[in-house]
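The lines below spell out each chain.
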Amino acid sequence: MQDDTFHDALIDRDPATGHPRPPRREFKARGSFVSRCAGCNLPVLNCLCPYRVTATSEARVWLLTHPLEQHKPTNTGRLIGDVLPDTEVFTWYRTAPDERLLALLEDNRYAPFVIFPDDQPDYADRVVGMARVRSEQVANRTPVFIILDGTWRQARRIFRKSPYLDRLPVLPLATERLTRYRLRKPASAAHLCTAEVAIELLRQGGDTGAAEVLDDYFDAFNDSYAASRRHEKLEAPTAAMRRLLAKAGR
């Protein structure tokens, strides 16, 4: 009971100042009245749970998630955790960094990399390539991809306003992949969603099996959610769904 009280206090008060947060408005966005599965948070009409398959990878993924992104049903960061159970998710607060994240950053077993574009000169000396990731594996350290989970504007704010990230190497994602995410409109087809970023990082880092599972799971999510928005029931599993069912032995 004490833990529940403490958790409620964190939600109701700003973690940096302890001041009460303003009352949260009732969620009335499109889809707020849809009946959702408690397991996958998708509309029950096209539940994603039958297609959930776990995988293992040499690298880890840690998500540093903007608080406005945390509970959006269209957020794809949670797909990574569904497939890779070792995924860590931290909510970002500018003035109150997560103590567990700070401790993990000091753990010498891990070699963390901040995933961010190499488009500004002030941190050019920190930019590395995938060869650095492989060298850390050779040194028996576990590479960690720290993905800033939010809009591009939110991600830039997280990158610039988190001093504990300043000493970490920056790994830009170099890929020709164009986004297949259909639930939000990106500013550019080259702007990948969070799950797609993880897929490409895993693939380039040599975790091809995990990348393939996550890619299929992402496609299943994309198709299921899009059909539900049209109030349509998918009559048969898609190709990606069939591959996931086969891996699950269903």
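Here goes a summary of the coordinates provided. Note that this is a predicted model, so its numbers are computed, not measured.

**Observations regarding the overall build of the chain**
Here's step 1: A tally of regular secondary structure across the chain gives 8 helices and 5 strands.
Here's step 2: Listed by position from the N terminus, the elements making up the chain come as α-β-α-β-α-β-α-β-α-β-α-α-α.
Here's step 3: The 250 residues of the chain split such that 43% are buried.
Here's step 4: Residue pairs at least 24 apart in sequence account for 74% of intrachain contacts in the chain once pairs closer than 6 positions are excluded.
Here's step 5: On the chain, roughly 14000 Å² of surface is accessible, and the fraction owed to carbon and sulfur atoms is 51%.

**Some thoughts on the packing of aromatic side chains**
Geometrically, a pair of aromatic rings is defined through the distance of the ring centres and the angle of the planes.
Here's step 1: Inspection of every chain in the model, using the stated rule, returns 7 aromatic pairs.
Here's step 2: Measuring from centroid to centroid gives 5.4 Å for Trp62 and Tyr110, while their planes differ by 70°, and the two rings are edge-to-face. In this pair, Trp62 sits in strand 1 (residues 60-65) while Tyr110 sits in strand 3 (residues 110-115), placing the two residues 48 residues apart along the sequence.
Here's step 3: Ring centres 4.0 Å apart and planes at 5° place the aromatic pair Phe116 and Phe159 in the stacked group.

**So, the packing of helix 7 (residues 208-229) against helix 8 (residues 239-248)**
Here's step 1: Running from amino to carboxyl end, helix 7 crosses helix 8 at an angle of 130°, the nearest separation of the two axes being 8 Å. Of the possible angle classes, the one that applies to helix 7 and helix 8 is oblique. Like other packed secondary-structure pairs, helix 7 and helix 8 cross with a definite hand, here left-handed. The residues of helix 8 that touch helix 7, namely those facing Val213, Asp216, Tyr217, Asp219, Ala220 and Ser224, are Ala240, Met241, Arg243, Leu244 and Lys247.
Here's step 2: Grouping the constituent residues of the contact of helix 7 with helix 8 by class yields 6 nonpolar, 1 polar and 4 charged.

**Quick notes on the nonpolar core**
Here's step 1: By size, the foremost hydrophobic cluster in this structure holds 46 residues, and its most contacted members are Leu48 and Leu171.
Here's step 2: Of all the elements in the fold, those that place two or more residues in this core are strand 1, helix 2 (77-83), strand 3, helix 4 (130-138), strand 4 (142-149), helix 6 (194-204), helix 7 and helix 8.
Here's step 3: If you tally residues by element for this core, the top one is helix 7, at 10 residues.
Here's step 4: Not counting residues up to four positions away in its chain, the partners in contact with Leu171 are Phe113, Val114, Ile115, Phe116, Val128, Gly129, Met130, Val133, Phe145 and Leu201.
Here's step 5: Within the second largest apolar cluster, 21 residues are counted, among which are Val144, Tyr164, Leu165 and Val170.

**Comments concerning the sheet that holds strand 4**
Here's step 1: Spatially, 2-1-4-3-5 is the arrangement adopted by the 5 strands of the open sheet, whose pairing is parallel. Strands with a single pairing partner mark the edges of an open sheet, and in this sheet they are strand 2 (88-91) and strand 5 (170-171).
Here's step 2: This element, helix 4, spans strand 3, strand 4 and strand 5 of the sheet and lies at about 165° to strand 3.
Here's step 3: Lying over the sheet, helix 6 contacts strand 1, strand 3, strand 4 and strand 5, oriented at roughly 160° with respect to strand 4.

**Here's the deal with the pairing of strand 4**
Here's step 1: Of all 8 residues making up strand 4, 7 are buried, and the element is well covered by its neighbours.
Here's step 2: Taken together, the 6 bridges between strand 1 and strand 4 define a ladder with parallel strand orientation. Within strand 4, the residue paired with Trp62 across the bridge is Ile146.
Here's step 3: Summarising the sheet, strand 3 and strand 4 pair through 6 bridges and their orientation is parallel. Bridged to Ile115 within strand 4 is Ile147.

Conventions adopted
Residues numbered from 1 in each chain as written. Predicted model: local features only at pLDDT ≥ 70, side-chain atom pairs only at ≥ 80, totals over all residues. Heavy atoms only, no water. Helix = DSSP H or I, 4+ residues; strand = E, 2+ residues; numbered from the N terminus. Buried < 20%, exposed > 50% of the residue type's maximum accessible area, 1.4 Å probe, protein only. Contact = heavy atoms within 4.5 Å. Areas by Shrake-Rupley, 256 points an atom, 1.4 Å probe, with all protein chains shown as cover. Phe/Tyr/Trp six-rings, centres within 6.5 Å; stacked < 30°, edge-to-face > 60°. Axes fitted to C-alpha atoms, helices over the stretch in contact; angles between N-to-C directions. Parallel < 35°, antiparallel > 145°, perpendicular 65-115°, else oblique. Left-handed = near helix turned anticlockwise from the far one by under 90°. Nonpolar A, V, L, I, M, F, W, Y, C, P; charged D, E, K, R; others polar. Core = buried A, V, L, I, M, F, W, Y, C linked by side-chain atoms within 4.5 Å. Pairing = 2+ DSSP bridges.

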